[in-house]
Structures are given as structure tokens and as C-alpha cells.
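Observations on the three-dimensional arrangement
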Amino acid sequence: MPGAAEPGASEPDAAEPCSAEPGAEKPLPVPAARRQIRREATRRSRLGAAEPVPLREMRLLPTAAAAWAAAFLAVRLPPSSGWLTAGIVAAVSVGFLLLTGVLARRRPAALSNRAELSSRAELSNRAELSNRAALSDSPARFNPAALFRGTAVPLAAVALVCAGAAGALAERSNGPMAGVIAAERSVSGEFRAVSDARAATPDRFTGRPRYLVDAIAESATADGKRFGSAAPILVVGGDDYAGIRWGDGFSSAGALSKLPPGDRNLALLRAAAAPDIRPAGGWYGATAQLRADFVQAAADRGVSVDGLLAGMVLGDRSTLDPDLGQAMKDTGLTHLTAVSGANCSYLLAFIFLTARAARVPRAAAVLLALAGLAAFVLLVRPDPSVLRAAVMGGLGTVAVLSGRGRLPVALLLLSITVLLAIDPWLCTSYAFILSVCATLGLVVLGPHLVLVLSRRLPLWFAASLAVPIAAQLFCAPVLVLLQPQLPVYSVPANLVAAPVVPVVTIVGMLAVAVVGLAPPLAAVPLVASAAGAWWVAGTARTFESAPGALQPKSSLLPEWLDPQVFLSDPAIGPWVVLLICGIVFVETGLLIGFF
């Protein structure tokens, strides 16, 4: 081979000067070269971060993508079609696994024959061995067993998602309720809330406020007949419905309107009567009371920060000042007005590290962290971003405990697959999509941004700046479809507000616990967490008042790319968002050299 050393030729001693062509640089002596290498290593360590580890954990990407596509289609199919699709896909997956086993049994025999031939060739002559070495650098041959095995796993995920969606749809549409919804009749019934009441747009005729409540119809009466049900219904009511909390039972009556296929709820109930609310008991009642006590304790001490403290600690935005909420939205800080995935990460790390510092065994510390995470999710309500972070954090702790280390991309893809199998309707949730995009930006683009920025900035500042930039870049394609204007100061606002977010989360949760156990002692943690919330509120208001804080979308995008065109049709909007996210991911992969 050209450039290869002849057999038996010895390499020149590194300490001896080598002959060079005229004009070539003279090599440094060994001591000087070593000193130069040490100086370069020291300069790099002081100047910037280490080289990011290349992504090699993308084996679950086809599985997550297949699960997402299957969820989008499965929630729009009748239950019978969903079961049929799940059965067919599962059979194909099992067939591929059987083919993989057959091909795997044949492969060892072929490998042994190759080993025997190789040993004979090694004894023949050295030239033949060098030829085989050259051939070993050629591309690997096509492996059908690997192809079948790699296809069987995504197909199994598709079958699991389709089966879960079909089972949920069959339970929801079981009984006479499906016919009542199809006929859009008026009903009265007993409902159980599966969300807190949230404000909706005021009535366009009367201007009165309206509230939305996701509920399960446990029983209903239509045309004088009473029957049981498990149909999810979206209830729209007036001020009387504002006090409904997760787990509360209530009665209502009104006209039903059928919602399009793929929606989480089967119908919309326009309430025509005031509800008879029955407060929830058990864990739902305890968490609702604890949330109310925390909000009241903060208000009594004057540290509610216009309702922002309850939003950052518990995800309760019911008391958030509208002007402050708009300021947070205009500066890209809306994710801080509710509990997000970062809060789960902070709490999980705090409990685990505290337990380890108290010399608690590793396994017990992990169990304590997971128990605290589960309690936190139930306390703040299982929103899509919280669910994603909770599942990813739980899988991450299990991976670390088992010695497999941290694989953030693999954990993200696995959590997506698990959550879509449990709740296929997450596939069209913009909160879930934004959470996935932000996390993907942090784990894919974040380390490379740190490396690039650290060449001109201190490492700590480069790491702090890379987090909002990476998250914003990956979330921008989704946000541009949801917001008519773009927050220009989103990155600097997030950079200024970021240092106090862990403090508000950890100290705020400590305040929640103290409010429940010893209310008089809650003043100190309340004031400490409120100081961080005050900093975030001041940051939002400062950047909102800056010139050019909002950039109209119409000046950046053509008129035909109006978000209302896509979002008005729920069957198109999510796919457009996912397509843009895929383009951003591919472009980022090309940028960092992954593809």
C-alpha cells in the first residue's frame, strides 16, 4: 500500500532528527515537544470545554418515531381497527424475531469456517495475510439478521401503542354514551374532574368569564334513561366552575357537541346549570388542600409575587396576575410560570444527593428520590412536560444504579416511547412537543455550543448561555406557529432568570412541606423562595419594556405560513410541527457532524 512501511523496516528514533525536504519545518526535540503539548492542553482546559462525546445512542430513534406516528394514527381509528392493526404488526414483529434467530444460528457456522480458512492462510505466506488485512478495511457486508432485529423493535412499539389506544378507545366509547354523543343530545350526569379548572376565553356574547374542566362522565341521564359511562368530556362553564379541582366530583347538565377524532375528549358539554361540587378525598384531596394552604400562606405574608410563586413551585397559575403573565410570555419565560421538566430534575438530584450525603445506601437513596418524584408529580399535577421529565428522570436513575451511566438521548427516546404507549394522545400535545424539543436541543446541541462559546468566553458563562440558546433553537419552529410575535430577548431573559430557578424549586418545595406540617415556621422558606420569584418577575418586566421586545411574525414569515392556517386543522398542525422539528434536527446533525 502506498505510504505503508515495508515489513521489517524499523521506525526512526523519535529523538533523532529526521531528514526533511528543503523549506519544511524542523521537528522539535522530544522535551520541547512534550512541553508544547502540556502548554496546549493547559490552554484548552482553561479556555474551554472538552470535546463533546459523539452521539452513538440513536438506536431508539426509529422506535420513538414509529411510536409517535402510530399514536397519531391509532387515536383516530375505531377500536376494532386498532386491535386488528396491533395484531398484524405484532405478528410481523414476531416473525422478524424468529428470522433473526434462524440467521443468528447459521452465522456461527459461517464464522467458524472463515476462522479455519484464515488460520490456513496465515500459515501460507505473509503476503496473503497482508492482502486479507487490506480487505478487512473494506465496508462491512450486509447483515440481514441485524436488519430484521432492528425492524422488529419499532414494530413491537407500534403494536404496543396501537393496542393501548384501541383498549382506551373501547373503554371510552362503551355503552349508550357513544350514541348520545353522536346524536349530540342534552344530558345530565355525574362527573369526576381529571384537571383543575382553567380559564378560557370569555363568552363572545355576554363577555362573562368561562372555565374549562376535563372530566370523566361516571353516569349520565338522557331521554329519561340513566346509564354508566367512562367517556371523557370537556365541560365549559361559568364562574361556578372555577373552584373545581383535580379529583373533585360534580354534577352538571347541558348539550353535548361531538369533538373530531383524535381529540382527547369525546365531546364538549356546554353547562347550563351550576355544578354541585363534592371535594375529593384521599391523595387528591390532600394535595388540593396543601396547594390551597400554600397559596394562602404566601398571600397572607405578602410574598405571592402576583401569583408567580405558586406557579413556579406548584404549577398553580390561577392567581397569576394577567399583566405579569403577558410579560412572561413576551420575554420567553412562560415555561417558568408553571412546573416544567427542569423542576423534576432539580428535585430528583436534591433528594438523591441529600440522601447520599447522609450516608444512605445508594439503592435506598434512589428509592427515596423516585418516591419524592412521584409525590411531586401528583402534587403539581401530571402535565405532559412533567410526565416526560419524571419518566426520563426515573429511567436515568435506574440506568445510573445499574451501572450503565447517563445516556440522555437514549433516555429521552425511551421515555417518549413509554409515555406514548401509556397515553397516545400526548402525540398532539404542544406542551409535550415543546418539552421534547427543548430536551433534544439540550442533549444534542448543548455540548457543542458549550465547546464553541468557551473558545471566547469563560466556561461557566458559556455553559449558562448554551442552555437557553439550544432550547430556544429547537423550540422556535413550534413557537413560531403558536405565537403571533417572537420574543427578541428570550435568550438573555432566560440567562438572567436561570440562576434562581433551582432555588425557587427546592426552597419552595421545602416551604410547601413546612406549610403542611408547621405553618408558623414557613415564613423563612416562603420569603427565600419569593425572593427568587421576585427576581424572575423583575426580569420579565424589564425585558418586556425594552425597545423591540416583540418582533411581529409577519415580518419574518410569508403570509401563507400563518399559524392559524395550520392550527385550525388539528389533523395538519402537529405534523407540520414535527416536520419542522425533524428538519431542525437534521440540520443540527449536519452541523455537529453526526450524519
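These numbers come from a predicted model, not from an experiment. (Residues numbered from 1 in each chain as written. Predicted model: local features only at pLDDT ≥ 70, side-chain atom pairs only at ≥ 80, totals over all residues. Heavy atoms only, no water.)

**Side note on the packing of aromatic side chains**
This model, assessed by the stated rule, comprises four aromatic pairs. Here the aromatic rings of Phe 191 and Phe 250 are separated by 5.6 Å at their centres, their planes lie at 20°, and the arrangement is stacked. Highlighted residues: Phe 191 in strand β1 (residues 186–193) and Phe 250 in strand β5 (residues 249–258), separated in sequence by 59 residues. The buried category is assigned to Phe 191, whose relative accessible area is 2%. Here Tyr 489 and Phe 543 contribute two aromatic rings whose centre-to-centre distance is 6.0 Å and whose plane-to-plane angle is 45°, an arrangement assigned as tilted. Residue Tyr 489 is found in the loop between β8 (485–487) and α16 (490–497), and its partner Phe 543 is found in helix α18 (residues 523–544); the two are separated by 54 residues along the sequence. Here Phe 543 falls in the buried class, since its relative accessible area comes to 19%. One aromatic cluster in this structure is built from Phe 191, Tyr 241 and Phe 250. Directly above the aromatic system of Phe 72 lies the positively charged group of Arg 76, at a separation of 3.9 Å from the ring centroid. (Phe/Tyr/Trp six-rings, centres within 6.5 Å; stacked < 30°, edge-to-face > 60°. Helix = DSSP H or I, 4+ residues; strand = E, 2+ residues; numbered from the N terminus. Buried < 20%, exposed > 50% of the residue type's maximum accessible area, 1.4 Å probe, protein only. Lys NZ or Arg CZ within 6 Å of the ring centre and 35° of its normal.)

**Looking at the pairing of strand β6 (residues 267–271)**
Every regular strand shows the same layout, with side chains that alternate between the two sheet faces. Relative to β6, strand β4 (residues 225–237) runs parallel, the two being bridged by four bridges. When the sheet's bridge partners are listed, Ile 233 is paired in β6 with Ala 267. Two strands pair when backbone bridges link them, and β5 and β6 are joined in this way by five bridges, in the antiparallel orientation. Looking across to β6, one finds that Leu 256 is bridged to Leu 269. (Pairing = 2+ DSSP bridges.)

**Digging into the side chain of Asp 196**
Checked against the element boundaries, Asp 196 lands in the loop between β1 and β2 (198–200). With a relative accessible area of 17%, Asp 196 lands in the buried category. Setting aside its immediate chain neighbours within four residues, Asp 196 contacts Leu 212, Ile 244, Arg 245, Trp 246, Arg 291 and Arg 381. (Contact = heavy atoms within 4.5 Å.)

**Remarks on the pairing of β1**
Of the two faces of β1, only the one carrying Val 187, Gly 189, Phe 191 and Ala 193 is buried; Ser 186, Ser 188, Glu 190 and Arg 192 on the other face are not. Where β1 lies against β5, seven bridges are found, and the strand directions are antiparallel. By the bridge assignment, Ser 186 is partnered in β5 with Ala 255. Sheet topology places β1 next to strand β3 (residues 210–222); six bridges connect them, and they run antiparallel. Counted as the bridge partner of Ala 193 is Ala 215 from β3.

**Focus on the environment of Asn 265**
Among the structural elements, Asn 265 can be located in the loop between β5 and β6. Each C-alpha atom of the pair Asn 265 and Ala 231 lies 7.7 Å from the other, and the pair is 34 residues apart in sequence. Filtering out sequence-adjacent residues up to four positions away, Asn 265 remains in contact with Asp 214, Pro 232, Ile 233, Leu 234 and Leu 259. A polar side-chain atom of Asn 265 sits 3.2 Å from a polar atom in the side chain of Asp 214. (Polar contact = N/O pair within 3.5 Å; in protein donor to acceptor, adjacent residues only side chain to side chain.)

**Comments concerning the environment of Glu 190**
With respect to the helices and strands, Glu 190 occurs in strand β1. For Glu 190, a relative accessible area of 25% puts it in the partly exposed group. Placed 30 residues apart in sequence, Glu 190 and Ala 220 show a C-alpha to C-alpha distance of 6.4 Å. In this structure, Glu 190 is in contact with Ile 216, Ala 217, Glu 218, Ser 219, Arg 226, Phe 250, Ser 251 and Arg 278, ignoring residues within four places of it in sequence.

**Here's the deal with a nonpolar patch on the surface**
Where nonpolar side chains cluster on the molecular surface, the patch consists of Leu 84, Ile 88 and Val 92 and spans about 270 Å² of accessible area. Mapped onto the fold, Ile 88 is located in helix α3 (residues 79–124). (Patch = residues over 30% accessible without salt bridge, like charges linked within 9 Å, V, L, I, M, F, W, Y side chains within 5 Å. Areas by Shrake-Rupley, 256 points an atom, 1.4 Å probe, with all protein chains shown as cover. Salt bridge = Lys/Arg side-chain N within 4 Å of Asp/Glu carboxyl O.)

**Here's the deal with the pattern of salt bridges**
Summed over all chains, the structure comprises eight salt bridges. Put simply, Asp 196 and Arg 381 hold a salt bridge, and the shortest N to O gap is 3.6 Å. Pair noted here: Asp 196 is in the loop between β1 and β2 and Arg 381 is in the loop between α11 (362–380) and α12 (384–401), with a separation of 185 residues, a long-range link. Residues joined in a network through salt bridges with shared partners are Asp 196, Arg 291 and Arg 381.

**Here's the deal with the confidence of the model for the protein**
Predicted confidence across the protein gives a mean pLDDT of 76, with 73% of residues reaching 70 or more. For the protein, per-element mean pLDDT is lowest for helix α4 (residues 126–136), which scores 45, and highest for α18, which scores 92. A low-confidence stretch, residues 590–595 stays under pLDDT 50, and its non-local contacts, those more than four residues away or across chains, total 13 contacts. (pLDDT = per-residue confidence, 0-100.)

**Remarks on unusual backbone geometry**
A positive phi is found at Glu 184, a non-glycine position, where the angle reads about 55°. Checked against the element boundaries, Glu 184 lands in the loop between α6 (177–183) and β1. Non-glycine residue Asp 306 carries a positive phi angle of around 55°. Looking at Asp 306, the relative accessible area reads 37%, which means it is partly exposed.

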